[in-house]
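# Examination of the molecular architecture
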Amino acid sequence: MDQFTTLTGIAAPMPLINIDTDMIIPKQFLKTIKRSGLGVNLFDEMRYDDDGNEIPDFVLNQDAYRKAEIIVAGDNFGCGSSREHAPWAIKDFGIRCVIAPSFADIFYNNCFKNGILPIALPQEQVDVLMKDAEKGANARMSIDLDAQTITTSDGESFSFEVDAFKKHCLMNGLDDIGLTMEKAASIDSFESAASQARPWV
Amino acid sequence: MSPKTLYDKIWDAHVAHEADDGTCLLYIDRHLVHEVTSPQAFEGLRMTGRSVRAPDKTIAVPDHNVPTTPGRENPENMTEDSAIQVAALDTNAREFGIHYYPVSDIRQGIVHIVGPEQGWTLPGMTVVCGDSHTATHGAFGALAHGIGTSEVEHVLATQTLIQKKSKNMKVEITGKLRPGVTAKDITLSVIGATGTAGGTGYVIEYCGEAIRDLSMEGRMTVCNMAIEGGARAGLIAPDEKTFEYCRGRPHAPKGAQWEAAMDWWKTLYSDDDAHWDKVIILKGEDIAPVVTWGTSPEDVLPITANVPSADDFDGGKVGAAQRSLDYMGLTPGTPLSEVEIDTVFIGSCTNGRIEDLRAAAEILKGKKKKDGLRAMVVPGSGLVRAQAEEEGLADIFRDAGFEWRLAGCSMCLAMNPDQLQPGERCAATSNRNFEGRQGRGGRTHLMSPAMAAAAALTGKLTDVRSLM
Ligand code: SF4
């Protein structure tokens with residue numbers, strides 16, 4: 001998995017609550033058997049019209065934000081389905097960090113598995129970052145995962161919370177499965193005790 | 001011992017490893033797999049030379065993008081990309097030796113309907129699936145999580161899930177429901193009350209007289225939508241109804257094992273003085289038949305209400321409500337019962353079980369759908385379909401002018417050819433009314449099967465009580 005340590009980049013403002021996984025990547029793009037190549041279809045139905053032309057109003061179609069690496073959004077980002085295609089599409093587009101007042105649970109977890117940092121902050125702080133993002137390409141935000149801080153283009157700084165284990169994995173690009181397999185002995189002994197206690201399982 | 005919730009009890013029985021920071025490896029008893037969220041996970045196993053740790057606890061069924069029309073066993077009758085995903089599941093199931101129900105098997109259906117039907121889902125288990133509506137299985141008092149594809153791979157390889165414990169939330173529905181009010185109305189009303197993020201960070205246990213009174217199928221409808229309220233899982237404590245439902249199912253325990261299982265299952269309830277981090281109480285008698293008006297499942301109103309205006313809301317919801325109204329093509333102040341529809345969809349893992357079909361057929365019996373309207377029933381599994389044929393429900397639907405389809409997810413998410421056209425308005429028994437969910441530009445109103453049937457008769461959103 002890709003590491004995430006620090007990032008300084010353009011942030012795209014998406015001041016909308018409940019941005020759901022169907023918006024992030026509509027189902028017609030879930031028929032792939034690969035993880036890559038979904039970036040062109042990120043936010044497809046908001047981004048393109050029926051003929052496949054770009055909708056100029058949409059933030060990622062504006063020149064200032066084509067190279068955005070951060071999204072600042074409203075409450076409950078990523079609600080809906082468990083499709084990991086959502087973080088795959090976000091990552092494939094080049095976004096490495098999403099900031100919102102809150103996230104849906106499964107999406108939040110899925111981000112960490114894909115080298116994306118989701119940051120939940122109080123609404124007032126997200127409002128400040130949203131204003132900063134609206135300044136366009138010259139305003140770059142900086143994120144430091146180790147220090148757990150975000151700094152706006154004006155130098156205003158906020159700290160954020162992140163689970164210590166998830167942070168460790170993200171900073172070191174660690175593979176969860178490999179880490180869990182190191183605990184195989186615990187799983188083995190749990191499994192044999194459980195098969196005694198609940199043989200019908 | 002300190003008092004525990006049901007969630008605490010199931011959790012404690014499944015922790016295979018706990019790190020100092022509280023990160024746990026939760027052992028998984030059942031892993032359900034479908035064609036859309038699994039190909040990359042199996043590919044990951046191949047690339048790393050890993051195997052499936054517990055193939056006996058892993059069950060695969062194609063459901064999301066299979067056509068629901070005859071001839072679908074032949075890949076030529078699927079779009080090429082769907083056929084590739086179904087073929088990949090077929091290959092993976094056989095190569096890794098997991099249980100498998102292909103489309104040609106009468107037991108095939110929506111993964112969350114097949115699991116309980118075959119007795120894979122049992123009380124006290126941990127159940128996961130690469131699908132958010134895994135919450136459905138919570139109706140059995142099983143801890144059921146939806147997971148992403150990386151986690152699917154993790155569970156395949158290790159039979160565990162990395163988890164931190166969630167908080168406990170109790171949702172109590174007191175007293176009796178009024179006539180015409182169903183499990184779907186309960187679950188939508190709860191989301192209406194808590195919002196789609198109200199359950200974030202929690203596992204919800206539903207309880208109270210109105211929940212106890214529900215059948216197992218109704219309880220599955222309630223738990224199914226726990227995820228729409230943001231919860232990590234929804235649970236209902238098992239009782240005699242649960243045990244009766246499980247008894248004799250193909251993969252339920254038999255004989256002495258059944259007795260041993262029952263001994264444990266009977267301990268699966270929340271202790272009287274258990275701690276709850278959040279409690280929501282709704283009165284059963286206050287719940288009305290509801291529909292959604294917007295593009296979030298929290299946009300719920302009684303069918304007797306009017307379309308709201310964006311000004312009725314606060315904060316971030318003002319903009320979202322306006323966007324929803326524009327997308328849905330609705331004018332504030334219009335009575336919901338005057339909103340005309342083009343399509344009726346009865347099916348999905350929320351409402352595609354036999355009792356759902358009975359409830360809809362009851363309303364439709366001897367009547368015809370409104371002219372010009374498109375209406376379809378998609379049973380949740382091949383077995384549900386067969387039973388509905390046997391009970392004469394299929395004839396009622398056909399006589400009423402409904403299409404009688406084969407089992408699958410169908411127009412719940414429109415990955416197969418069953419899709420809404422832009423601007424088309426649908427009365428749906430599924431669980432998500434997101435923009436484009438049932439087809440680009442399609443407009444979805446969520447409701448119960450009886451309400452959807454009523455809408456089919458009148459061509460408008462309709463209070464089913466007026467037809468009862
Ligand atoms: S019926 Fe709908 S919600 Fe249920 S599993 Fe299928 S797509 Fe998901």
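Please refer to the structure higher up on the page.
Only a predicted model underlies this, so the values are computations on that prediction, with no experimental measurement involved.

Turning to the overall build of chain A, a few remarks are in order. What chain A contains, in helices and strands, is eight helices and seven strands. Based on the C-alpha atoms only, the size of chain A along its principal axes is roughly 60 × 40 × 25 Å. Sequence-distant contacts, at least 24 apart, represent 65% of the contacts inside chain A between residues at least 6 apart. As displayed, chain A offers around 7900 Å² of accessible surface, 48% of which is attributable to carbon and sulfur atoms. The positive charge centre, built from 18 side chains, and the negative charge centre, built from 31, are 4 Å apart in chain A.

Looking now at the side chain of K167(A). All names here are of chain A. Note that K167 resides in helix α6 (residues 164–172). No salt bridge is formed by the buried K167; its nearest oppositely charged neighbour, D146, is found at 4.0 Å. Separated by 2.8 Å, the side chain of K167 and the backbone oxygen of D146 make a polar contact. With sequence-adjacent residues up to four places away left out, K167 is seen in contact with L145, D146, Q148 and V162.

Now for the site of the ligand. All names here are of chain B. Lining the immediate surroundings of the ligand are H64, I110, H112, D131, H133, S348, C349, C409, C412, L413, N431 and R437. With respect to the detected pockets, the ligand is housed in the largest cavity. Counted by class, the shell around the ligand contains five nonpolar, five polar and two charged residues.

Moving on to the pattern of salt bridges. Tallied over the full model, the rule gives 40 salt bridges over all chains. Salt-bridge contacts for D22(A) lead to R83(A); the nearest nitrogen and oxygen are separated by 3.6 Å. Pair noted here: D22(A) is in helix α1 (residues 21–24) and R83(A) is in the loop between β2 (70–73) and α3 (85–93), with a separation of 61 residues, a long-range link. Given the relative accessible area of 3%, D22(A) is considered buried. Between R398(B) and E389(B) there is a salt bridge, with its nearest N and O atoms 3.7 Å apart. A single salt-bridge network, built from bridges that share partners, covers R385(B), E389(B), D395(B) and R398(B).

Moving on, we come to the nonpolar core. Formed by 87 residues in total, the largest nonpolar core has its most connected members in F43(A), F77(A), V344(B), F397(B) and F402(B). The element best represented in this core is helix α16 (residues 449–458) of chain B, accounting for eight residues. Dropping the residues within four chain positions of it, F402(B) is found in contact with V344(B), I346(B), L364(B), K369(B), A375(B), M376(B), V377(B), F397(B) and A456(B). Counting 60 residues, the second-largest nonpolar core is a separate cluster that includes W200(A), C24(B), I59(B) and Y206(B).

Turning next to the packing of aromatic side chains. Think of a pair of aromatic rings as described by two things: how far the centres are apart, and how the planes are tilted against each other in angle. This model, assessed by the stated rule, comprises 17 aromatic pairs over all chains. Within the aromatic cluster, the residues linked to one another by ring pairs are F77(A), F103(A), F107(A), Y108(A) and F112(A). In this structure, R249(B) packs its charged tip against the face of Y245(B), placed 3.9 Å from the ring centre.

Here we take up the pairing of strand β3 (residues 30–33) of chain B. Residues and elements named next belong to chain B. In β3, alternate side chains face the same way, and those of R30 and L32 on one face and H31 and V33 on the other are all buried. Pairing geometry for β3 and strand β6 (residues 126–129), over three bridges, is parallel. Its bridge partner lying in β6, R30 is registered against V127. As judged from the three bridges shared by β3 and strand β4 (residues 58–60), these two strands associate in the parallel manner. By the bridge assignment for β4, H31 is matched with T58. As a crossover connection, the stretch from β3 through helix α2 (residues 39–48) into β4 is right-handed.

Moving on, we come to the packing of helix α13 (residues 354–364) of chain B against α16(B). All names here are of chain B. Where α13 meets α16, the axes come as close as 8 Å, and the angle between the chain directions of the two elements is 30°. With respect to each other, α13 and α16 are oriented roughly parallel. Helix-helix and strand crossings are classified by hand; for α13 and α16 the assignment is right-handed. Between α13 and α16, the residues in contact are D356, A359, A360, I363 and L364 and P449, A450, A453, A454 and L457, respectively. When the residues that make up the contact of α13 with α16 are grouped by side-chain class, the tally is nine nonpolar, no polar and one charged.

On to the sheet that holds strand β10 (residues 202–207) of chain B. All names here are of chain B. As summarised here, the arrangement of the four strands in space is β11-β10-β9-β12, forming an open sheet in which the pairing is parallel. Every interior strand has two partners, whereas the edge strands, β11 (233–235) and β12 (278–283), have only one. The sheet shows a mean angle of 20° between the axes of neighbouring strands, taken without regard to direction. The pairing of strand β9 (residues 167–174) with β10 spans six bridges and is classified as parallel. Bridged to K167 within β10 is Y202.

All names here are of chain B. One open sheet accounts for five strands, arranged β17-β16-β15-β18-β19; its pairing is parallel. Here the strands that pair on one side only, and so sit at the sheet edges, are β17 (403–404) and β19 (443–446). Two elements, strand β16 (residues 374–377) and β17, share two bridges in a ladder whose sense is parallel. What sits directly across from M376, in β17, is E403.

This next bit is on the interface of chain B and chain A. At the interface, 70 residues of chain B touch 53 residues of chain A. Between chain B and chain A the total buried area reaches about 5300 Å² when both faces are included, carbon and sulfur atoms providing 57% of it. Between chain B and chain A we count nine salt bridges in total. Measuring nitrogen to oxygen at the nearest pair gives 2.3 Å for the salt bridge that ties K164(B) to D163(A). Scanning the region where chain B abuts chain A turns up 29 residue pairs in polar contact (both at pLDDT 80 or more). If you list the elements that add at least two residues to the side of chain B that touches chain A, you get β1 (15–18), β2 (24–27), α2, α3 (80–96), α5 (149–158), β8 (160–163), α10 (255–265) and α11 (316–328) of chain B. Considering each element in turn, the side of chain B that touches chain A owes the most residues, seven residues, to α5(B). Among the residues forming the side of chain B that touches chain A, the class breakdown is 26 nonpolar, 25 polar and 19 charged.

So, how was this worked out
Residues numbered from 1 in each chain as written. Chains lettered and ligands numbered in written order. Predicted model: local features only at pLDDT ≥ 70, side-chain atom pairs only at ≥ 80, totals over all residues. Heavy atoms only, no water. Helix = DSSP H or I, 4+ residues; strand = E, 2+ residues; numbered from the N terminus. Contact = heavy atoms within 4.5 Å. Areas by Shrake-Rupley, 256 points an atom, 1.4 Å probe, with all protein chains shown as cover. Lys, Arg positive; Asp, Glu negative; His and termini not counted. Charge placed at Lys NZ, Arg CZ, Asp CG, Glu CD. Buried < 20%, exposed > 50% of the residue type's maximum accessible area, 1.4 Å probe, protein only. Salt bridge = Lys/Arg side-chain N within 4 Å of Asp/Glu carboxyl O. Polar contact = N/O pair within 3.5 Å; in protein donor to acceptor, adjacent residues only side chain to side chain. Near = heavy atom within 4 Å. 1 Å grid on protein atoms, 1.4 Å probe; cavity = no way out; pocket = protein on both sides within 12 Å on 5 of 7 lines; lining within 4 Å. Sits in = over half its atoms within 2 Å of the grid points. Nonpolar A, V, L, I, M, F, W, Y, C, P; charged D, E, K, R; others polar. Core = buried A, V, L, I, M, F, W, Y, C linked by side-chain atoms within 4.5 Å. Phe/Tyr/Trp six-rings, centres within 6.5 Å; stacked < 30°, edge-to-face > 60°. Lys NZ or Arg CZ within 6 Å of the ring centre and 35° of its normal. Pairing = 2+ DSSP bridges. Right-handed = clockwise from strand over helix to strand, strands pointing away. Axes fitted to C-alpha atoms, helices over the stretch in contact; angles between N-to-C directions. Parallel < 35°, antiparallel > 145°, perpendicular 65-115°, else oblique. Left-handed = near helix turned anticlockwise from the far one by under 90°. Buried area = accessible area lost by both parts, 1.4 Å probe.

Just distances and angles here, no functional claims.
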